[in-house]
Structures are given as C-alpha cells and as structure tokens.
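Chain by chain, the residues run as shown.
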Amino acid sequence: PMETMAEIVKLKPHFLTLYPYDKWMGHFERYLRCRGDSSGPFLMGKTISYVDVALYDCMTAIWTLPISEPIADQNKKFPLLKVLEKAVREAPRLKEHLDERGEFWSAINKVWKGES
C-alpha cells in the first residue's frame, strides 16, 4: 500500500494533464451550472441521493491525494462541486459516518492494514 502511494506521488508533475480529471470534474460542474441554482446543491436536485455520495467519495479521494492541486484552485475551477461536497459532508447521518471514517485515504489505509 505505501509503495502504491509512493508511485502516485511520483506522478505529481503530470497528474492533472495525463488523466481525465479536469474533463470529468468539468462535466459534473457544467451539469450543476446548467441546471440552475434553484434546483438545490445535489445532482438530482434538493434531495441527496446515492449519486451525490458516490461523486463525493470520488472527488474527495482525488482532492486529498498529495499530488492534487491546491484547494484554492479547486474552489475556483469547480465552485458548484465544492458546494455539493459541503452539502454531502453536512448531510444528517452522513456527517456522523464521515467524521468517524475520516478522510478517504485514511479509511483506505485502515482497510489495507486490516484494521477495519
């Protein structure tokens, strides 16, 4: 597992250009923008769904990698996704689970080590 993280860190100079990160995050950002603000922060409107939680996990997994771009850049490029991220993070019942689980990579490390 730690060897895998070391390999990921080696990718840092090329991470955002070699992988479709901007393309896919851009698709979700555009979807939220085209839908309009009055629909709510979630992909399907005002009510959270499995899709929002899945996207949250994908976004936070990428954004917490040591090779990801700075948070200020994420906020500028993907403001609506950042609103969705916060809305999912603060959702009742999910907040407790996410607080207990911790950051995505911390949770993955526990699984790799057999602690969870």
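Residues numbered from 1 in each chain as written. Predicted model: local features only at pLDDT ≥ 70, side-chain atom pairs only at ≥ 80, totals over all residues. Heavy atoms only, no water.

**Student:** When you look at the overall build of the protein in this model, what are you seeing that I'm missing?
**Tutor:** A count of helices and strands for the protein gives eight helices and zero strands. Along its sequence from the N terminus, the protein presents helices and strands in the succession α-α-α-α-α-α-α-α. Here the protein, with 116 residues, has 32% of them falling under the buried criterion. Here the analysis covers contacts within the protein between residues at least 6 apart in sequence; of these, 62% occur between residues at least 24 apart. Accessible surface computed for the protein: about 7,700 Å², of which carbon and sulfur atoms make up 61%. (Helix = DSSP H or I, 4+ residues; strand = E, 2+ residues; numbered from the N terminus. Buried < 20%, exposed > 50% of the residue type's maximum accessible area, 1.4 Å probe, protein only. Contact = heavy atoms within 4.5 Å. Areas by Shrake-Rupley, 256 points an atom, 1.4 Å probe, with all protein chains shown as cover.)

**Student:** In this structure, what is going on with helix α4 (residues 50-63)? I would like to understand it.
**Tutor:** For the α-helix, the turn length of 3.6 residues means that residues three or four positions removed from each other point alike. Across its 14 residues, α4 extends 20 Å between first and last C-alpha, which sits within 8% of the 20 Å expected from 1.5 Å per residue. Taken together, the buried positions of α4 are occupied by Asp-52, Leu-55, Tyr-56, Met-59, Thr-60, Ala-61 and Trp-63. (Expected span 1.5 Å × (residues − 1).)

**Student:** Looking at this structure, how should I read helix α7 (residues 94-101)?
**Tutor:** Looking only at α7, the buried set comprises Leu-94, Leu-98 and Arg-101. For α7, the angular spread of buried residues about the axis comes to 65°, placing them on one side. The exposed set on the far side of α7, more than 90 degrees from its buried face, consists of Glu-96 and Glu-100. Two residues or fewer after α7 comes Gly-102, characterised by a positive phi angle close to 85°. (Arc of directions from axis to C-beta.)

**Student:** Where do I start with the pattern of salt bridges in this structure?
**Tutor:** Once their charged atoms are close, side chains differing in charge can pair, the charge on each being opposite to the other. Counted by the stated rule, this structure contains three salt bridges. The partner of Lys-82 in a salt bridge is Glu-85, and the shortest N-O contact between them spans 3.0 Å. Of this pair, Lys-82 and Glu-85 both sit in helix α6 (residues 79-89), separated by three residues, roughly a single helical turn. Residue class for Lys-82 comes out buried when judged on its relative accessible area of 15%. Residue Glu-85 is classed as buried on the basis of its relative accessible area of 18%. Through salt bridges with shared partners, a single network forms among Arg-89, Lys-95 and Asp-99. (Salt bridge = Lys/Arg side-chain N within 4 Å of Asp/Glu carboxyl O.)

**Student:** How should I be thinking about the nonpolar core in this particular structure?
**Tutor:** What tends to happen in soluble globular proteins is that the nonpolar side chains get buried as a cluster. In this structure, Met-25, Met-59, Trp-63, Leu-81 and Leu-84 are the most contacted members of the largest nonpolar core, which totals 17 residues. If you list the elements that add at least two residues to this core, you get α3 (21-35), α4, α6 and α7. Apart from residues no more than four positions distant in its own chain, Leu-81 is found in contact with Met-25, Phe-28, Glu-29, Leu-32, Leu-55, Met-59 and Trp-63. (Core = buried A, V, L, I, M, F, W, Y, C linked by side-chain atoms within 4.5 Å.)

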